Amino acid sequence: MEEALIKVRNLKKHYNGGKVKALDGIDIDIHQGEVVVVVGPSGSGKSTFLRSLNLLEQPTEGEIIFDGEDINAKDADINKHRQKMGMVFQHFNLFPHKTVLGNITLAPIQLKKIPKPEAEAQAMKLLNMVHLEDKATNYPSQLSGGQKQRIAIARALAMEPTVMLFDEPTSALDPEMVGEVLDIMKDLAKSGMTMVVVTHEMGFAKEVGTRVIFIDHGQIKEENTPKEFFNNPKDPRLQDFLSKVLI
Amino acid sequence: MNWFDKFCNDFTLNFIEGDRWKWILEGLGNTIIITIFALIIGVLLGIIIAAVRSTYDKNGADMKKRGGPAYVFLKIGNTLCNLYLTVVRGTPSVVQLLIMYFIILVNVTNGVFVAIIAFGLNSAAYVAEIFRGGIMSIDEGQFEAGRSLGFNYLQTMFHIILPQAIKVILPSLFNEFITLIKETAVAGYVGVMDLTKAGDKIRGRTFSAFMPLIAVALIYLGIVVLLTQLLKQLEKRLRKSER
Ligand SMILES: Nc1ncnc2c1ncn2[C@@H]1O[C@H](COP(=O)(O)OP(=O)(O)O)[C@@H](O)[C@H]1O
Ligand SMILES: [Mg+2]
C-alpha cells in the first residue's frame, strides 16, 4: 500500500494538567481518497481529534505526519500545511463582512496571490458545484443554514486542499437542510477527495464512508468498514452507542 | 433695575469688560487642543497595548511552542501592559496629572504639553481596553476559520477580525473622546488656562460666579450634545452596513 496521506502517532491532548484526557493516545493512518467517518458519544474527543489534525488544537504529545512532514514539529510551517487541509465547522463561520464571492476568494487572492478575476472565475465554478451560483453577491446573513454550510465547503475547496476535515457539519442545521449538505459531501467523496468527517449521520457513514472509527474517552475503540462496523460491532461501548443512535 | 438690565450688566461685566471673552476663547482652544492631541496619543499607544495583550492571549501558545526570544519579549510586554493598565485605571487622573507636572516632567514649563502627555497616557489605558474588547467581541470561530484557511495570526487579524471589530470599536472610541473633553477640566491644576480655568479666572476677577460658570457649563454641554448627535449618526451608519 502506498504511503498514508496523514499518519497520526500516539496523539494526546490533556487539559488541566492531565486531569482531562481529551485524547489519550490516538494512532491512525489516513490514505489518499479515504472517507473516514468518526463517531462517538458527546465529549469523547472527536472534535479535539479533528482539530488536532490541522493544529487548531495544540496536541500535548504525539506526531502528525502530513504529506511526509511532521506538522507538529517546532520548525514546521503550519500555515502552509493548513492551506492543504480544508476545514468545515459546525457553525459555518462564514465571514459576515464579505459577500459569498468575497468569502470564497479571500484566501486564494491573499495567500496564493491568484489574480482577482481568476479567483472569482474559480469561485463561480465552486458555487456551481454547490448549486448556489445565484448567491454570489449575497451576504452570509441573507442565506439559510444549509446554504451557509455549502458556501463554507466551497470556501474551503477554493484553496484546493488535499484533505477536507468536517466537524459535525450538519448538527446546527434544521432537519430539512441536512440532506442538501450531505449531498454535496457525497459528491465530493465521489470525486476522490480525502475526507475526515465527524458526524452523527449514520446513514452518511454507511453510504459514503470507506472506514468508520469509534472514539470513546479519547481513544479509538473500534475501526472497521462501515458494513462490519454497523452489523458486527465488537466493543461493548460501541454496541451500547449504536443501540442508542440507530433507533 | 429689572432682570434684563441686570443680565446685560452682568454679561458686560464678565465678558465684555477687559475683553474677558477672549479668556473663554483661549480656554476653549486649550481644552480642544489638549483633548485632540491626548486622544491621538491615547489611540496610538492604546493600539500598541491592545496588540500586545491580544497577541499574547490569542497567539501566545503558538509562539511559545516555536520558542526563541519573540515569546519572551511578548510575555514581558504583556506583563508591563497589565501593570500599566492597573496603575492608570487605579489612580485618579488629577493625581496622574500632578505627578506628571511636579515630578516626571518637572523641567517642562508648558502646562498644555504636560496635560496632553498626562491625559494621553491616561486615555491609552481606556483606548487599549476598547480595542481589546472589540477584538474579543468577535466570535472565536472567525479566528479559527481564518487560521484553518492558512492565514497567519496577523493576516487573520487584518483581513477578518479587525474589519468586523472596528464596528464595535469606533462608537466606543468616539465616546472616549466625549469623556476626555470633560476630564480635561482639571488641567487648571497645573496652571493651564483651559475652558474651566478661564471661567474660574473671570469669577475671581468680577466676584460674580453665576455668569462665567454657567457659560462654561453651557459650552461643555453644547459640545457634548453635538458630539453625541454625531455619535448617533455614526452608530446608525455602522448598523446599516452590518449584514
Ligand atoms: N478547553 C478545554 N478545557 C478543558 N477541557 C476541554 C477543553 N476542550 C475540550 N475539553 C474536554 O475534552 C473532552 C473532549 O471534547 P470534544 O473533543 O469537544 O468532544 P466531542 O467533540 O467528541 O463532543 C471533553 O470532555 C471536553 O470537556
Ligand atoms: Mg464536538
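Residues numbered from 1 in each chain as written. Chains lettered and ligands numbered in written order. Predicted model: local features only at pLDDT ≥ 70, side-chain atom pairs only at ≥ 80, totals over all residues. Heavy atoms only, no water.

### With respect to a negative patch on the surface
Residue and element names in this part refer to chain A. Here is the rule: A patch consists of residues exposed above 30% relative accessible area that lack any salt bridge, with like charges linked at up to 9 Å and nonpolar side chains (Val, Leu, Ile, Met, Phe, Trp, Tyr) linked at up to 5 Å. Residue-level accessible areas treat just the shown protein chains as cover; the underlying method is Shrake-Rupley with a 1.4 Å probe. Salt bridges are defined as contacts in which a side-chain nitrogen from Lys or Arg sits within 4 Å of a carboxyl oxygen from Asp or Glu. Counted charges follow a simple rule, with Lys and Arg positive, Asp and Glu negative, and His plus the chain ends left uncounted. All charge positions are set by atom: Lys at NZ, Arg at CZ, Asp at CG, Glu at CD. Helix numbering and strand numbering both begin at the N terminus, where a helix is a DSSP run of H or I of at least 4 residues and a strand a DSSP run of E of at least 2. Each residue's exposure class comes from its accessible area (1.4 Å probe, protein chains only) as a fraction of the maximum for that residue type: buried when under 20%, exposed when over 50%, partly exposed otherwise.
A contiguous patch of negative charge, built from Asp67, Glu69, Asp75 and Asp77, is present on the exposed surface. Tracing the sequence through the fold places Glu69 in strand β5 (residues 69-70). With a relative accessible area of 44%, Glu69 lands in the partly exposed category.

### Things to note about the pattern of salt bridges
In a structure, side chains of opposite charge can pair up when their charged atoms sit close to one another. Residues and elements named next belong to chain A. One pass over the full model with this rule turns up 23 salt bridges over all chains. Across the salt bridge formed by Lys112 and Glu160, the nearest N and O atoms sit 3.5 Å from each other. In this pair, Lys112 sits in the loop between α3 (100-111) and α4 (116-129) while Glu160 sits in the loop between α5 (145-157) and β7 (163-167), placing the two residues 48 residues apart along the sequence. Given the relative accessible area of 26%, Lys112 is considered partly exposed. In this structure, Asp183 engages Lys186 in a salt bridge whose closest nitrogen and oxygen atoms are separated by 3.9 Å. Here Asp183 and its partner Lys186 are both found in helix α6 (residues 175-190), three residues apart, which amounts to about one turn of the helix.

### Here we look at the sheet that holds strand β4 (residues 61-66) of chain A
Residues and elements named next belong to chain A. Our working rule: DSSP bridges decide pairing: two strands pair if at least two such bridges lie between them. Throughout, a contact is declared for two residues whenever any of their heavy atoms are within 4.5 Å. Lines fitted to C-alpha atoms define the axes, with helix axes restricted to the stretch in contact, and inter-axis angles between N-to-C directions lie between 0 and 180 degrees.
What the four strands build is an open sheet, ordered β2-β1-β4-β5; its pairing is antiparallel. A single partner strand is all that each edge strand has here, and the edge strands are β2 (20-30) and β5. One ladder, built from five bridges, connects strand β1 (residues 6-15) with β4; its direction is antiparallel. Across the sheet, the residue bridging to Lys12 is Glu61, located in β4. Sheet strands touched by helix α1 (residues 46-53): β1, β2 and β4. Its angle to β2, the strand with the most contacts, is close to 55°.

### Topic: the confidence of the model for chain B
When pLDDT is low, close inspection of the predicted coordinates is not appropriate. All names here are of chain B. Here is the rule: As a per-residue measure, pLDDT tells how confident the predictor is, with possible values from 0 to 100.
On average, chain B scores 93 in pLDDT, and the residues at 70 or more come to 98%. Per-element averaging of pLDDT across chain B places helix α1 (residues 3-16) at the bottom with 88 and helix α6 (residues 140-149) at the top with 97. Across the predicted assembly, pTM comes out at 0.89 and ipTM at 0.94.

### Quick notes on the site of ligand 1
Residues and elements named next belong to chain A. The following threshold applies: One heavy atom suffices: a residue is near a molecule or strand as soon as one of its heavy atoms comes within 4 Å of it. N or O atoms within 3.5 Å of each other form a polar contact, as long as, within protein, one can give a hydrogen and the other can take it, and as long as residues adjacent in sequence are counted only when both atoms are side-chain atoms.
Around ligand 1, the surrounding shell consists of Tyr15, Val20, Ala22, Pro41, Ser42, Gly43, Ser44, Gly45, Lys46, Ser47 and Thr48. Gly45 has a polar backbone atom sitting 3.0 Å from an oxygen atom of ligand 1. Thr48 places a polar side-chain atom, nitrogen or oxygen, 2.4 Å from an oxygen atom of ligand 1. For ligand 1, whose accessible area on its own is 570 Å², the fraction buried by protein is 60%.

### Quick notes on the sheet that holds strand β3 (residues 35-39) of chain A
Residues and elements named next belong to chain A. Strands sit in the order β6-β7-β8-β3-β9-β10 across an open sheet of six strands; the sheet is mixed. The open sheet is flanked by β6 (85-88) and β10 (219-224), the only strands paired with a single partner. This sheet shows a mean twist of 20° between the axes of neighbouring strands, independent of strand direction. Strand direction decides the pairing type here: strand β9 (residues 211-216) and β10, joined by five bridges, are antiparallel. Opposite Ile215, over in β10, you have Ile220 as the bridge partner. Contacts from α5 reach β6 and β7, with the element oriented near 170° to β6. Strands in contact with α6 are β3, β7 and β8 (194-198); relative to β8, the strand with the most contacts, it is inclined by about 145°.

### Quick word on α6 of chain B
Residue and element names in this part refer to chain B. Counting buried residues along α6, nine of its 10 residues qualify, which places the element largely inside the surrounding structure. By the burial criterion, the buried members of α6 are Gly141, Gln142, Phe143, Glu144, Ala145, Gly146, Arg147, Ser148 and Leu149. Regarding α6, its N-cap is Asp139, as a side-chain oxygen of that residue lies 2.9 Å from the backbone nitrogen of Gly141 further along. Directly beyond the C-terminal end of α6, a positive phi value near 110° is found at Gly150.

### Quick look at the side chain of Asp10 of chain B
Residues and elements named next belong to chain B. Tracing the sequence through the fold places Asp10 in helix α1. Here Asp10 is buried and forms no salt bridge, its nearest opposite-charge partner Lys6 lying at an N-O distance of 4.4 Å. Non-local contacts of Asp10, meaning those with residues more than four positions away in its chain, are made with Ser208 and Met211.

### A short note on the side chain of Ser52 of chain A
All names here are of chain A. Along the polypeptide, Ser52 turns up in helix α1. By relative accessible area, which is 0% here, Ser52 ends up buried. When near neighbours in sequence (up to four residues on either side) are disregarded, Ser52 contacts Leu11, Leu23, Glu57, Pro59 and Ile64.

### A word on a nonpolar patch on the surface
All names here are of chain B. Together, Trp3, Phe4, Phe7, Phe11, Ile16, Trp21 and Leu25 line one region of the surface with nonpolar side chains, adding up to about 790 Å² of accessible area. Listed by contribution, the elements that provide at least two residues to the nonpolar patch are α1 and α2 (21-66). Of the residues forming the nonpolar patch, the biggest block, five residues, is contributed by α1.

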